[in-house]
Amino acid sequence: MISKEQLAGALTTEPVSGGMVEARGLVKRYAHKTVVNNVSFSVRQAEIFGLLGPNGAGKTTTLEMIEGIRTPDAGTAVLAGLDVRRQKSAVQRITGVQLQATSLFPELTLLETLQFFASLYPRSLEPRKLLSDVMLEEKIKAHPQELSGGQRQRLALAIALVNDPQVLFLDEPTAALDPQSRRMLWDIVLRLREQGKTIILTTHYMDEAQMLCDRVAIMDGGQIIALDTAAGLIGRLGAQATIDCRLDGSASKSEIEELTGVSGTRQTNDRYIVYTETMQATLIALLSYSEARGIPLTDLQVHTPTLEDVFLELTGRQLRAE
Amino acid sequence: MRTRIMTLLRTNFIMLTRQRELILTSLGLAIVSMLVFGFLFSSNSASKTRLGVVDQDHTPVSAQLVSQLQKSDALQVFSGSSDEEQQALRDGQRDAVVVMPAGFSQQLVQGGARLQVYYDQSNPVTATSAQLTVKAIVDGINSKIMHQPGPVIVDQQAVAAKNLREIDFITPGMLGMLLMWANLAVGIQLVNWRETGITRRLAATPLKPISMISAQVVARLALSLLQGALLLALAIWLFNVHIYGNIGLLALVVTVGALTLLAIGFAIASFVKKSEAANSILLLISFPMMFLGGSYFDVNSAPSFIQPLVHAMPLYYLNEALRQVIYNGAGWSAIQTGMLVMIAWMVASMLVVWRAFKWL
């Protein structure tokens, strides 16, 4: 079985300078609780970088410190060579931000809202063009509160793009959206990378991280516990497949670990998660084992390992506990 | 840069004009009240103010003052002893009595001259009318003494407007009330921006909080002046209300009043977290102030136990100053005390804002 140190290994090999965005030792404390604890990472230009973790992991706070909305208690972030603590306005001129829930002035129409945000920057894109880019051209006279969830997220994205930013921050861009709206947003985000924009996003959807991100940092308890490409993280599990099943009390974890091809096992009560390098052989061995011992085997699932498995392996908890 | 500031101002102003509730509580309520009072009490008290003058000084100076008062078209002047005139006041024969004590002219030269004034407080309109008249006379005397010692001459213009109808009384009051509703509400606006996360979104842009707040202040001030002008235009057009004072001075009073109320609104926003709570606090402040601040009634004749409360209210001073300028044509000297009280409120509120206000 692979160790946590091995899984998290990429952390130590992460380059410390030369990126488009560099977080350096960010710390944020609230009333004796450390929400973000010494977070560092580097993001290259035209890369989509994901912060993956459960609610309360410190993803949003990390993002807001890099965006200049919150002041870190220690550390700083450097974007395109500009220090966010010392050159906040300069940083904010080249960044675009989509907050987790973007509230806007209810009195303004979409067009007026974009015109207002455009006026805050020395250089800005044409508001009508932006609205049509996010497929809201028919809504230019509507007010934000009249939009659906997906439309509102796209409006937030259009506003984030109004200054044609070099770096784009997206905080839970597809939270609570229907599958179609999520797809639509993913397409837009991938297109933006092609235009050379650097994108940092947070998510608690593994599929989103796997689908969109060039690299993923897994956060838990205010710290980055692993950082690599999604494939790299999963690869380090050393498993071809994950077998998820229930075996009653008489089964033994050590015996299961001895079965053919098993690279790791995790047990919670009667539930077993078995990582295997040879899926077919292990499956046959597991079935024979239950047959020979007369142990009932139920709820059997076999799937390719995901970031969920990585998270589980690292923390012993599931990502979507809620 | 210039277009950026203009967009910021225009956006803030547009947002205000689209807040239906704001327009209704400020301009709407003021217009409706004005119409009701204007039409219901249209034939009220067209008579002159009856002023009893008691001259205990018996000098050429005091005699000259009496003759000045007699020249006023708005006054019907009676002379007599102190006892006679005060009895007449109690009997409802006089609206006010002015007593010039012995040594008055002497004090006038040396400084510290005092006039004793008695009002009939049973009728708010005549009492206010009498008060304003006498105050204007005293102002006239005061300004003469301050600037060029010599014979006392009453400023004719200041006392020329003596036909106070209900509408003349209510119009400045409604202007004051309009300013209160339009500007105190800035507190709710800010709490709402903060609560819904609009300020957080703005914090991710290069826009500085102070720029947005300044733009909001300028927009509210512009709205106040515009709404005030509309209200006065309507009063002039429908009820023939006359503005006797200097328009520039009136605009100054409106500006100081609006800024004071804005500062108090910001102070409220410094303490409250939820916009619902801000709304309740606003109502809790506005309603007593609307009635005790003298927008609808003459609060000078209110029971004495309530007077400390009345005199703590910035709206009271705003209404007083508006009446002095609009109705009485008063100059700065007549309103400076009230204006200073308002400015004191403004400064105190801004200190609170400076200590406690949070943008995020």
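Reading guide: rules and limits
- Each chain carries its own residue numbering, running from 1 in the written order of its sequence.
- Chains carry letters from A onward and ligands carry numbers from 1 onward, assigned in written order.
- pLDDT decides what is reported in this predicted model: residues at 70 or higher carry local features, side-chain atom pairs at 80 or more are listed and counted, and totals for whole chains, interfaces and linings draw on all residues regardless.
- Secondary structure follows DSSP: runs of H or I at least 4 residues long count as helices, runs of E at least 2 residues long count as strands, and numbering of each begins at the N terminus.
- Once C-beta atoms are placed from the backbone, each residue is buried if 20 or more other C-beta atoms lie within 10 Å of its own, exposed if 12 or fewer, and partly exposed for counts between those two.
- Distance between backbone-placed C-beta atoms decides contact: two residues are in contact if it is within 7 Å.
- For helices, the axis comes from a line fit to the C-alpha atoms of the stretch in contact; other axes are also lines fit to C-alpha atoms, and the angle between any two N-to-C directions lies between 0 and 180 degrees.
- Here roughly perpendicular refers to angles of 65 to 115 degrees, roughly parallel to angles under 35, roughly antiparallel to angles over 145, and oblique to all remaining angles.
- Handedness of a crossing follows from how the near helix is turned relative to the far one, being left-handed for an anticlockwise turn of less than a right angle and right-handed for a clockwise one.
- The criterion for strand pairing is that DSSP finds at least two bridges linking the strands in question.

Points about the overall build of chain B
Argument step 1. Counting secondary structure elements, chain B contains 15 helices and 4 strands.
Argument step 2. Taken over 360 residues, chain B has a buried fraction of 46%.
Argument step 3. In chain B, 81% of the contacts between residues at least 6 apart in sequence involve partners at least 24 apart.

Looking at the interface of chain B and chain A
Argument step 1. Contacts between the two partners involve 18 residues from chain B and, on the opposite side, 20 residues from chain A.
Argument step 2. Those elements giving two or more residues to the side of chain B that touches chain A turn out to be α1 (2-17) and α9 (198-203) of chain B.
Argument step 3. No other element matches α1(B), which puts 6 residues into the side of chain B that touches chain A.

Looking at the packing of helix α2 (residues 20-40) of chain B against helix α10 (residues 209-239) of chain B
Residue and element names in this part refer to chain B.
Argument step 1. Relative to each other, α2 and α10 sit at 20°, their axes nearing to 10 Å. Our classification of the angle between α2 and α10 gives roughly parallel. For the element pair α2 and α10, the recorded crossing hand is right-handed. Along its contact with α2, which presents S26, L27, A30, I31, M34 and G38, the element α10 presents Q227, L230, L231, L234, A235, L238 and F239.

Overview of the sheet that holds strand β3 (residues 96-100) of chain B
Residues and elements named next belong to chain B.
Argument step 1. Spatially, the 4 strands line up as an open sheet ordered β2-β1-β3-β4, and their pairing is mixed. Single-partner strands in this sheet number two, and they are β2 (75-79) and β4 (116-119). Strand-to-strand twist in this sheet, taken as the mean axis angle between neighbours without regard to direction, amounts to 20°.
Argument step 2. In this sheet, β4 lies alongside β3 in antiparallel orientation, the contact comprising 4 bridges. Bridge pairing links V97 to Y118 in β4.
Argument step 3. Its contacts with the sheet put helix α3 (residues 60-71) on β1 (49-55), β2 and β3, and the angle it makes with β1 is roughly 170°.
Argument step 4. Strands β1, β2, β3 and β4 of the sheet are contacted by helix α4 (residues 82-90), whose axis makes an angle of about 160° with β1.

Description of the environment of B:L175
All names here are of chain B.
Argument step 1. In this structure, L175 sits in helix α7 (residues 166-184).
Argument step 2. Taking the C-alpha atoms as reference points, L175 and R323, separated by 148 residues in sequence, lie 9.8 Å from one another.
Argument step 3. Ignoring sequence-local partners within four residues, the contact set of L175 consists of G228, L231, L232 and L322.

A word on the sheet that holds strand β5 (residues 82-83) of chain A
Two pairing modes exist for strands in a sheet, parallel and antiparallel, and in both the strands are linked by backbone hydrogen bonds.
Residues and elements named next belong to chain A.
Argument step 1. In spatial order, the strands read β2-β1-β4-β5; together these 4 strands make up an open sheet with antiparallel pairing. Two strands bound the open sheet, and with one partner strand each, they are β2 (33-43) and β5.
Argument step 2. As paired elements, strand β1 (residues 21-30) and β2 share 8 bridges and run antiparallel to each other. Looking at the pairing, Y30 lines up with K33 of β2.
Argument step 3. Running over the sheet, helix α3 (residues 59-67) touches β1, β2 and β4 (74-79) and is turned about 120° from β1.

Details of the environment of A:G261
Residues and elements named next belong to chain A.
Argument step 1. On the secondary structure map, G261 appears in the loop between α11 (253-257) and β12 (262-268).
Argument step 2. Of the residues examined, G261 has 20 C-beta atoms within 10 Å and is grouped as buried.
Argument step 3. The spacing of G261 and T278 is 17 residues in sequence and 5.2 Å in space, taken between C-alpha atoms.
Argument step 4. Setting aside anything within four residues of it in sequence, one finds G261 in contact with T276, E277, T278, A281 and T282.

Geometry only, nothing functional implied.
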